[in-house]
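Residues per chain, in single letters:
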Amino acid sequence: MSKQKVIIKNETQIAGIKEASRIAALTLDYIWQYVKVWITTEELDHICNAFIMQNGWKSACIGYHQYPKYTCISINDTICHWIPSKSEVLKDWDIVNIDVTVFKAWYFWDTSRMYTVWNVSKTALKLIEVTKKALEIWISQVFPGNYTSNIWYEISKYVEKLGYSVVREYTGHGIWLQFHEEPYIYHKAQKNNWTIMAPGMIFTIEPMINIWDHRTKLLKDWWTVKTSDWNLSAQFEHTILVTEDWYEILTLA
Ligand code: MF3
Ligand code: CO
Ligand code: CO
């Protein structure tokens, strides 16, 4: 059972959140045109940041537990949190996750999606499709009165039937006045977690799906997470509001 309280937002707060909630998604729309062979992940990072700042927002990543860049850009067998670098160049066949978290006036939004660079294998395209569908299935589990643990249950059923696996070490998370807060959305079965969704909760859903083995490997930079078997991994993430009767995706452009 989680001990910290989930903060439920009132109507005025929710109106403010909705009005201001599109920038993270717009950044991901905008960066699409730059995801091409030869660009470095550091260049992509800077372009995202320039766009975020032009819109009067800030990246929440830089400085977060000493994270050194504005976004996370994770390629192929990297699951998440790859630090953009000037020595990392996009290549033909790459699949790329760009994860942006922005904040303004103390509100945070977090979203990520997959991009493909030129030719991509059928295997990779299928993984991306399955991961996207996984996020949709998770989102369909968001409604007041449902257990947050059912989100994981439905996804793993779908993904594992296809022979893929769900990464277990990371979670979706409440997000609003802090980057990561209650309720955490676990990516594995949990004993005694009976958190129930209620209107006014805001959290992310962010499945990371591996082609084969679910296990992960943390690199020496203490951020970059890779698949243990070097196979591909994909992720999509949205920030979702639980409404009176259902849900609303806050990170759509
Ligand atoms: N955006 C990631 C998430 O979905 C967290 C990144 S932490 C950072 O929760 F410091 F690397 F930005
Ligand atoms: Co997140
Ligand atoms: Co994120």
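Everything discussed here concerns the structure shown above.
What you are looking at is a predicted structure, and each value in this text was computed from that prediction instead of being measured. (Residues numbered from 1 in each chain as written. Chains lettered and ligands numbered in written order. Predicted model: local features only at pLDDT ≥ 70, side-chain atom pairs only at ≥ 80, totals over all residues. Heavy atoms only, no water.)

Engineer: Talk me through the coordination of the cobalt ion (ligand 3); I want residue IDs and the actual numbers.
Structural biologist: For the cobalt ion (ligand 3), every protein donor is listed as Asp99 (OD), Asp99 (OD), Asp110 (OD) and Glu237 (OE), and the spread of their distances is 2.1 to 2.3 Å. Taken together, the six donor atoms surrounding the cobalt ion (ligand 3) define angles of 58 to 166° at the centre, an arrangement classified as irregular. Donor residues for the cobalt ion (ligand 3), ordered by position in the chain, follow D-x10-D-x126-E. (Donors = N, O, S within 2.8 Å, 3.2 Å for Na, K, Ca; no water. Tetrahedral: all angles 85-135°; square planar, octahedral: opposite > 155°, others 65-115°.)

Engineer: Mind laying out the site of ligand 1, listing which residues take part and the relevant values?
Structural biologist: The local shell around ligand 1 holds 14 residues, among which Cys61, Asp110, His180, Glu206 and Glu237 are the closest. Thr101 is positioned such that a nitrogen or oxygen atom in its side chain is 3.3 Å from a nitrogen atom of ligand 1. Calculation on ligand 1 without its partners gives an accessible area of 340 Å², and the protein chains cover 96% of this total. Grouping the constituent residues of the shell around ligand 1 by class yields six nonpolar, four polar and four charged. (Near = heavy atom within 4 Å. Polar contact = N/O pair within 3.5 Å; in protein donor to acceptor, adjacent residues only side chain to side chain. Areas by Shrake-Rupley, 256 points an atom, 1.4 Å probe, with all protein chains shown as cover. Nonpolar A, V, L, I, M, F, W, Y, C, P; charged D, E, K, R; others polar.)

Engineer: So what's going on with the environment of Val120? Residues and values would help.
Structural biologist: Checked against the element boundaries, Val120 lands in the loop between β5 (107-116) and α4 (122-140). For Val120, a relative accessible area of 15% corresponds to the buried category. In this structure the C-alpha to C-alpha distance between Val120 and Asp92, which are 28 residues apart in sequence, comes to 7.3 Å. Excluding residues that lie within four positions of it along the chain, Val120 makes contacts with Trp93, Asp94, Ile95 and Leu125. (Helix = DSSP H or I, 4+ residues; strand = E, 2+ residues; numbered from the N terminus. Buried < 20%, exposed > 50% of the residue type's maximum accessible area, 1.4 Å probe, protein only. Contact = heavy atoms within 4.5 Å.)

Engineer: Now, about the coordination of the cobalt ion (ligand 2): what can you tell me, with residues and values included?
Structural biologist: All of the protein donors around the cobalt ion (ligand 2) are Asp110 (OD), His173 (NE2), Glu206 (OE) and Glu237 (OE); their distances to the metal are 2.0 to 2.2 Å. Of note is the cobalt ion (ligand 2), whose six donor atoms meet at the metal with angles of 52 to 163° in an arrangement that counts as irregular. Considered as a linear motif, the donors of the cobalt ion (ligand 2) on their single chain read D-x62-H-x32-E-x30-E. On the basis of relative accessible area, Asp110 is assigned to the buried category, the value being 2%.

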